[in-house]
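# Architecture and fold: a report
Each chain is listed here by its residues.
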Number of protein chains: 2
Amino acid sequence: MNIGIVGLGLIGGSLGLDLRKAHHTIYGMSRSARTCELAVQRGIADVADCHPQILERADVVILCPPIGLIESVFDQVQPYLSPKAIVSDVGSVKGAIAPLLHQRWPRFIGGHPMAGTAESGIEAAQSDLFQGRPYVLTPLEDSDPVAVETLKALVQDLGATLFLASPRDHDRAVSLISHLPIMVSAALIAAAMDSDNQGVLQLAQSLASSGFCDTSRVGGGNPELGRMVAQFNREELLRSLDLYEHHLQQLRRLITLGEWENLEHSLHHTQTARPHFLES
Amino acid sequence: MNIGIVGLGLIGGSLGLDLRKAHHTIYGMSRSARTCELAVQRGIADVADCHPQILERADVVILCPPIGLIESVFDQVQPYLSPKAIVSDVGSVKGAIAPLLHQRWPRFIGGHPMAGTAESGIEAAQSDLFQGRPYVLTPLEDSDPVAVETLKALVQDLGATLFLASPRDHDRAVSLISHLPIMVSAALIAAAMDSDNQGVLQLAQSLASSGFCDTSRVGGGNPELGRMVAQFNREELLRSLDLYEHHLQQLRRLITLGEWENLEHSLHHTQTARPHFLES
């Protein structure tokens, strides 16, 4: 199958490596001529170019720019797409984009491969990045079944684990397990820094150990990532924050009232629930 | 020096092993005759007994029962203490206990060795548990300087890193970096479980990865520990929760208002601050 990949960074580049290994022909596109050169040299693409005309033979086109640019990249490539082309993307939020592009291109189906490293750019592209990792496709009710099956087969070629969900369910789930933790964790760091007493702050910094380290990790991560998920998944993130604040208030109420048995019961509940999120 | 250790579990037993290696004579006491036997067999104590009379020759007595029992254990052993004995404890909260026992026994100085494993009991006792770990002593303004120096020397014998703090500053610091994270993290698990949609819950469980795993770890820990820190450090924990909620509301406000530059700035601030808590 002829596959166009637009944006040859960590995700686009890694898709190219694995889909080529699965005997597809990869047409790469990047704004940077140097990246196009590297893509061919590294075996990410069979051919690569800065001009969208490179995509005209593609049966499937996967848009892999940063999430804020997906729509404008689609604008740019649309005139060159084969009318039968299936289009997908790799954005980490689906609600805003998937229905919109589906309206503009009925054979568009949103995708979200949940893999990554701390690195970015074509240099970070690697084989088997998606192996065993979740890959969510978000077809709509009236999506073309052939397009869905074609993308499912590509997910299988990557060795990824396929999930199907509506764009809204996808965004709700990732807001709870991925975007909410960033804010929860960042507020912890902010609170720990905000001591009115220099001695307490220094002592806190000295005594902090694995519990603080783990709970604060994602709140101390890339600020642009945090901004981006909030910006693109605002509605679901605010909904998750509501839910979170409700449960934090519940715990707080038990502590204020000294309801120790009930507090222990609640913590037993979270202890029992956590493993169900870690088994996959 | 003759050292009495009351309570021969993970902490008391490990103290015994290392202080004996440092050529002190250890007088162990436990409610359980079997534990006393094991303590002598394993080289934790030179002698051990269920009766507090075993402590009458001790220059220093370290109380190592669970935090809720420290005062009653002191009641039990006090009649047998040498009038010059220095007394300390290993409780993870100091504000409630240290000033009270100081009043009853002027040579009492609170202590908190910040080390542990997931195990408990005398079987879990191990050498070098305190090596390189923080050990906080909480002398009061009128504490006997000789008693403070004596305990400082024992902390050095353990290879631990000494910190001196008032009981209140200690409790405030540990509430921020150790007790608050438990509640913050437990509320995250509770929120993630509380989806009104079974499909979203299952998807969230399937998609959860390292970010959720780390942020939820201490909230999925031992419920008795969470109850205990809340119960004994209630005032400071509620104060830390106030601070935390304030900062979470700030982040939420920026998201609600769409102030993306300010949100990124806040997250940059937490990214910069976090390493100061991890360097010790």
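To be clear, the structure that these remarks concern was listed above.
Not measured: the values here are computed from a predicted model.

### A closer look at the packing of helix H11 (residues 260–273) of chain A against helix H6 (residues 167–193) of chain B
Close contact between H11(A) and H6(B) brings their axes to 9 Å; oriented N to C, the two are set at 65 degrees. Note that H11(A) runs across H6(B); the crossing there is left-handed. Where H11(A) abuts H6(B), its residues Leu263(A), Leu267(A), His269(A), Thr270(A) and Ala273(A) lie against Met183(B), Ala186(B), Ile189(B), Ala190(B) and Met193(B). Across the contact of H11(A) with H6(B), the residue classes tally to eight nonpolar, two polar and no charged.

### As for unusual backbone geometry
With a phi close to 70 degrees, His23(B) is a non-glycine residue in the positive phi region. Among the secondary structure elements, His23(B) is positioned in the loop between helix H1 (10–21) and strand S2 (25–29).

### Considering H1(B)
All names here are of chain B. Between its first and last C-alpha, H1 extends 17 Å over twelve residues, near the 16 Å set by a 1.5 Å rise per residue. Taken residue by residue, H1 has Leu10, Ile11, Gly12, Gly13, Ser14, Leu15, Gly16, Leu17, Asp18 and Leu19 as its buried positions. Where the residues of H1 are buried, they touch strand S1 (2–6), S2, strand S4 (60–63), strand S6 (108–113), strand S7 (134–138) and helix H5 (145–157). Downstream of H1 by a residue or two, His23 has a phi angle that is positive, lying close to 70 degrees.

### Quick word on the pairing of strand S5 (residues 86–89) of chain B
For a regular strand, side-chain orientation follows a simple rule: the groups alternate between the two sheet faces. Residue and element names in this part refer to chain B. Along S5, one buried face is formed by Ile86 and Ser88 and the opposite face, lined by Val87 and Asp89, is buried too. By the bridge criterion, four bridges tie S4 to S5 in an arrangement that is parallel. If you follow Leu63 over to S5, its bridge partner there is Asp89. Handedness of the crossover joining S4 and S5 through helix H3 (residues 70–77) is recorded here as right-handed. As paired strands, S5 and S6 are joined by two bridges and run parallel to one another. Looking at S6, one finds that Val87 is bridged to Phe108. Where the polypeptide runs from S5 across helix H4 (residues 98–104) and back to S6, its parallel neighbour, the crossover connection is right-handed.

### A few points about the relation of the copies chain A and chain B
Note on the identical chains: chain A maps onto chain B by a rotation of 180 degrees and an axial translation of 0.0 Å, with an RMSD of 0.0 Å. The relationship between the two copies is best expressed as a two-fold rotation axis. Minimal C-alpha distance to the rotation axis in chain A is attained by Thr215(A), lying at 2.1 Å. The overlap is high: 100% of the interface residues of chain A also sit at the interface in chain B, so the same surface is used on both sides.

### Some points on helix H7 (residues 198–207) of chain A
Within H7(A), seven of the ten residues are buried, leaving the element largely enclosed by the surrounding structure. The set of residues buried in H7(A) consists of Val200(A), Leu201(A), Leu203(A), Ala204(A), Gln205(A), Ser206(A) and Leu207(A). On its buried face, H7(A) sits against helix H6 (167–193) of chain A together with S7, strand S8 (161–164) and H6 of chain B. Two or three places before Gly199(A), at the opening of H7(A), Asn197(A) has a side-chain oxygen 2.7 Å from that residue's backbone nitrogen.

### Things to note about the environment of Val200(B)
Structurally, Val200(B) can be placed in helix H7 (residues 198–207). You can call Val200(B) buried: its relative accessible area is 0%. Apart from residues lying up to four places away in sequence, Val200(B) is in contact with Asp169(A), Arg172(A), Ala173(A), Leu176(A) and Ser195(B).

### Some points on the packing of H11(A) against helix H9 (residues 223–232) of chain B
Between H11(A) and H9(B), whose axes approach to 8 Å, the crossing angle comes to 140 degrees. The angle between the axes of H11(A) and H9(B) places the two elements in the oblique class. Helix-helix and strand crossings are classified by hand; for H11(A) and H9(B) the assignment is right-handed. On H9(B), the residues touching Trp260(A), Glu261(A), Leu263(A), Glu264(A), Leu267(A), His268(A) and Gln271(A) of H11(A) are Pro223(B), Glu224(B), Gly226(B), Arg227(B), Ala230(B) and Gln231(B).

### Focus: the nonpolar core
Core analysis: the largest hydrophobic core is formed by 130 residues, its most contacted members being Leu63(A), Tyr244(A), Leu63(B) and Tyr244(B). The contacts of Tyr244(B), once residues within four sequence positions are left out, are Val184(A), Ala187(A), Leu188(A), Ala191(A), Tyr244(A), Leu248(A), Leu180(B) and Val184(B).

### Quick word on the interface of chain A and chain B
It is common to give the size of an interface as the accessible area lost on bringing the parts into contact. The interface is formed by 91 residues belonging to chain A together with 91 residues belonging to chain B. Taken over both partners, the interface formed by chain A and chain B buries close to 8700 Å², and the fraction arising from carbon and sulfur atoms is 68%. The three residues of chain A that bury the most area against chain B are Leu207(A), Arg274(A) and Phe277(A), which together make up 9% of that side's buried surface. Where chain A touches chain B, the interface holds ten salt bridges. Taken together, the connections running from chain A to chain B amount to 29 residue pairs in polar contact (both at pLDDT 80 or more). The set of elements that each furnish at least two residues to the side of chain A that touches chain B consists of strand S7 (134–138), H6, H7, helix H8 (210–216), helix H9 (223–232), helix H10 (234–257) and H11 of chain A. At 21 residues, the largest contribution of residues to the side of chain A that touches chain B is made by H6(A). Residue composition of the side of chain A that touches chain B, by class: 47 nonpolar, 26 polar and 18 charged.

Calculation rules
Residues numbered from 1 in each chain as written. Chains lettered and ligands numbered in written order. Predicted model: local features only at pLDDT ≥ 70, side-chain atom pairs only at ≥ 80, totals over all residues. Heavy atoms only, no water. Axes fitted to C-alpha atoms, helices over the stretch in contact; angles between N-to-C directions. Helix = DSSP H or I, 4+ residues; strand = E, 2+ residues; numbered from the N terminus. Left-handed = near helix turned anticlockwise from the far one by under 90°. Contact = heavy atoms within 4.5 Å. Nonpolar A, V, L, I, M, F, W, Y, C, P; charged D, E, K, R; others polar. Expected span 1.5 Å × (residues − 1). Buried < 20%, exposed > 50% of the residue type's maximum accessible area, 1.4 Å probe, protein only. Pairing = 2+ DSSP bridges. Right-handed = clockwise from strand over helix to strand, strands pointing away. Least-squares fit on C-alpha atoms with pLDDT ≥ 70 in both. Polar contact = N/O pair within 3.5 Å; in protein donor to acceptor, adjacent residues only side chain to side chain. Parallel < 35°, antiparallel > 145°, perpendicular 65-115°, else oblique. Core = buried A, V, L, I, M, F, W, Y, C linked by side-chain atoms within 4.5 Å. Buried area = accessible area lost by both parts, 1.4 Å probe. Salt bridge = Lys/Arg side-chain N within 4 Å of Asp/Glu carboxyl O.

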